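# Secondary and tertiary structure notes
Each chain, written out:
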Amino acid sequence: MSILDKNKVEHYNGISTLNNHSILKRGVRTMKYKVEVLTGIRPTNDLTIANYLGAVMPIIELQAQGISPVVFVADLHALTDNEPATIRQYIYGVVADYIALGVDPQKANIYLQSDIIGEVTTLTTLLSRHISVAELLRVPTLKDKLKANTRPETANTLLFLYPILMAADILLNRARKVPVGEDQLAHIEVTRLLARRFNKKYGEVFPIPDVLQVKPLRILSLKGEGKMSKTNPNGAIFLTDNLKTVARKIKSAETAFEMIVNEKLKSHILIAGKLAKTESEREEVDAIIQEHKTGKPVMGRFKQLFIRIVQNFLAEFQGKRAEIMRDPSYIPSVLEKGAKIARENAIETLQEVKRVLWLT
Ligand code: TRP
């Protein structure tokens, strides 16, 4: 092994804290958190109201508290199970959605993952050595992501690398907190494990990220069959739905018998309360529900109000989004600025990683 060669060690010794021939640790520069909050979105489908309330709203609330979040479009993660042309089609749309929903590109940094593909894939490769095939096969989401009747062993390897790719995103950014839903918790665990193992071996390179627990909201399908999801479009309200479609979907929503507040109705009340633009609308919702609890037949009125609230929300959102899309150079300029900042930070992290691995 040339690295153990005495001359070589002495040579390296001059630029590192190498102090004996068996410990080949290179002097490490402890890295600090760089990004307070990081979140990634796969550009694979139109967003629903549930995505907005669960994933986007918490980011906007953080931004309102003065925290500058970093939001990136995870197009490489989307490649695991989507065609490139399909992904391409959604990228600008997702950025427009986030901005129209309130993510402010002046405060938040928005970038496209593949704009730093070199850095992301390099770190993915360098991290891969620190987790075993068996450990990856145990990541529960990998199993879920595979089509039924496909065995993990036959997954395409990019899907298999999904958790490491995600760790690379987080660690490149040196993010302190990652707000994720329950389905992504296992990936954050993999990220923390990789960072700890790497640090243990080479010195404290990576600051360890934490999950930012976002309170899970129980947003159900309007029909009450499970969670609101794009796979059940009649029970889901998409941000792109036109106002007539919304009215139709809400009219055929399931509600509850007089006096009863079941899970479906709770979910409707939650959506209406969160989307209402004014306090007086929220009070109207409360008042109707009070009447409902005393046994009055008010579900028809409730639905009218629910429709009005959602329509107002969507009309405002869609107006803003159309305005954003009207200038074809706007989103590219946001992403360009984002990539520049993300790249600088990624390069800084990667330089230290490569240095401790004797790759530079
Ligand atoms: N896997 C995430 C999802 O499907 C997206 C994602 C990719 C992500 N990289 C990330 C989220 C890094 C947070 C941090 O939703």
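Residues numbered from 1 in each chain as written. Predicted model: local features only at pLDDT ≥ 70, side-chain atom pairs only at ≥ 80, totals over all residues. Heavy atoms only, no water.

### A look at the domain arrangement of the chain
The criterion, for reference: What marks off one domain from the next here is an automatic or database domain assignment. We call two residues contacting when some pair of their heavy atoms lies within 4.5 Å. Two parts lose some accessible area (1.4 Å probe) when they are put together, and adding that loss for both gives the buried area. When a carboxyl oxygen of Asp or Glu is within 4 Å of a side-chain nitrogen of Lys or Arg, the pair counts as a salt bridge. The definition of a polar contact used here is a pair of N or O atoms within 3.5 Å, where within protein one atom must be able to donate a hydrogen and the other to accept one, and adjacent residues in sequence count solely through side-chain atom pairs.
For the chain, the assigned domains read domain 1 (1–30), domain 2 (35–218 + 333–356) and domain 3 (241–325). Between domain 1 and domain 2, the residue contacts involve six residues of the former and ten residues of the latter. Buried area between domain 1 and domain 2, both sides added, is near 750 Å², and the carbon and sulfur share of it is 42%. Inspection of the region where domain 1 meets domain 2 yields one salt bridge. Counting the contacts that link domain 1 with domain 2 gives one residue pair in polar contact (both at pLDDT 80 or more).

### Topic: the pairing of strand β4 (residues 175–180)
We apply this condition: In short, DSSP must find at least two bridges between two strands for them to pair. Helix and strand assignments follow DSSP, with helices taken as H or I runs no shorter than four residues and strands as E runs no shorter than two, numbered in order from the N terminus. Crossover handedness is defined here as right-handed if the route from the first strand over the helix to the second strand goes clockwise, with the strands pointing away from the viewer.
The sheet contact formed by strand β1 (residues 35–41) and β4 spans two bridges and is parallel. Across the sheet, the residue bridging to V37 is K177, located in β4. Here β4 pairs with strand β5 (residues 210–213) via four bridges, running parallel. Within the sheet, the bridge partner assigned to V180 lies in β5 and is Q213. A crossover links β4 with its parallel partner β5, the connecting element being helix α9 (residues 185–202), and its sense is right-handed.

### Details of the site of the ligand
For the record, the criterion: Note on terminology: near, applied to a residue and a molecule or strand, indicates that one of the residue's heavy atoms is within 4 Å of it. Each accessible area value is a Shrake-Rupley result obtained with a 1.4 Å probe; residue values ignore everything except the protein chains displayed when judging cover. Only Asp, Glu, Lys and Arg are considered charged, only Ala, Val, Leu, Ile, Met, Phe, Trp, Tyr, Cys and Pro nonpolar, and every remaining residue, Gly among them, polar.
In the vicinity of the ligand, the residues found are G40, R42, F72, A74, H77, Y162, M166, D169, I170, V178 and Q184. A distance of 2.7 Å separates a nitrogen atom of the ligand from a polar side-chain atom of Y162. Across the complex, the protein chains shield 89% of the 370 Å² of accessible surface that the ligand would expose by itself. Per-element accounting of the shell around the ligand gives the leading share, four residues, to helix α8 (residues 157–173). Looking at the shell around the ligand residue by residue, the classes come out as six nonpolar, three polar and two charged.

### Structural notes on the environment of A322
Along the chain, A322 falls in helix α13 (residues 299–326). The spatial distance from the C-alpha of A322 to the C-alpha of A100 is 8.9 Å, given a sequence separation of 222 residues.

### Quick notes on the pattern of salt bridges
Going by this rule: Any residue under 20% of the maximum accessible area for its type is buried, any over 50% is exposed, and the rest in between are partly exposed; the area is computed with a 1.4 Å probe on protein chains only.
Scanning the model with the defined rule gives 19 salt bridges in all. A salt bridge links E189 to R192; the shortest N-O distance between them is 3.7 Å. Note that E189 and R192 are positioned in helix α9 at a spacing of three residues, about one turn of the helix. Of the charged contacts in the structure, one is a salt bridge between K264 and E254, with a shortest N-O distance of 3.4 Å. Residue K264 is found in helix α11 (residues 263–275), and its partner E254 is found in the loop between α10 (243–251) and α11; the two are separated by ten residues along the sequence. For E254, a relative accessible area of 37% corresponds to the partly exposed category. Counted as one network, the salt bridges with shared partners bring together R29, E352 and R355.

### A look at the confidence of the model for the chain
Here is the rule: A residue's pLDDT is the predictor's confidence in that residue, given on a scale from 0 to 100.
Residue-level pLDDT values for the chain average 90, and 91% of them are 70 or greater. Confidence drops under pLDDT 50 across residues 1–22; counting only partners more than four residues distant or on other chains, this segment forms 26 contacts.

### Side note on the packing of helix α12 (residues 279–293) against α13
What counts, and what does not: Here an axis means a line fitted to C-alpha atoms, over the contact stretch when the element is a helix, while the angle between two N-to-C directions is reported on a 0 to 180 degree scale. Note on angle classes: values under 35 degrees are labelled roughly parallel, values over 145 roughly antiparallel, values of 65 to 115 roughly perpendicular, and the remainder oblique. Helix crossings get a hand from a simple test, with the near helix turned counterclockwise from the far one by less than a right angle marking a left-handed crossing and a clockwise turn marking a right-handed one.
Packing of α12 against α13 brings their axes to within 10 Å, and their N-to-C directions diverge by 160 degrees. Classified by the interaxial angle, the pair formed by α12 and α13 is roughly antiparallel. Here α12 and α13 pass one another in a crossing that is left-handed. Here E281, E284, V285, I288, I289, E291 and H292 of α12 come into contact with α13, specifically with M299, R301, F302, L305, R308, I309 and N312. Of the residues in the contact of α12 with α13, the class split is seven nonpolar, two polar and five charged.

### As for unusual backbone geometry
Non-glycine residue M259 carries a positive phi angle of around 75 degrees. Here M259 is to be found in the loop between α10 and α11. Look at W358: it is not a glycine, yet its phi comes out positive at around 60 degrees. With respect to the secondary-structure elements, W358 resides in the segment after α14 (330–356). Here W358 falls in the buried class, since its relative accessible area comes to 15%.

### Considerations on the packing of aromatic side chains
So the rule is basically this: Each Phe, Tyr or Trp ring, with Trp reduced to its six-membered ring, pairs with another whose centre is within 6.5 Å; inter-plane angles below 30 degrees give stacked pairs, above 60 give edge-to-face pairs, and intermediate values give tilted ones.
Considering all chains together, one arrives at five aromatic pairs under this definition. Ring centres of F72 and Y111 lie 5.2 Å apart, and the angle between their planes is 15 degrees; this geometry places the pair in the stacked category. Residue F72 is located in strand β2 (residues 70–73), and its partner Y111 is located in strand β3 (residues 109–112); the two are separated by 39 residues in the primary sequence. There is no split in this pair, since F72 and Y111 are both buried. Residues F302 and F306 carry aromatic rings whose centres are separated by 5.7 Å and whose planes lie at 35 degrees to one another, so their mutual orientation is tilted. On the criterion of helical spacing, the pair formed by F302 and F306 is a turn pair, its members being four residues apart in helix α13.

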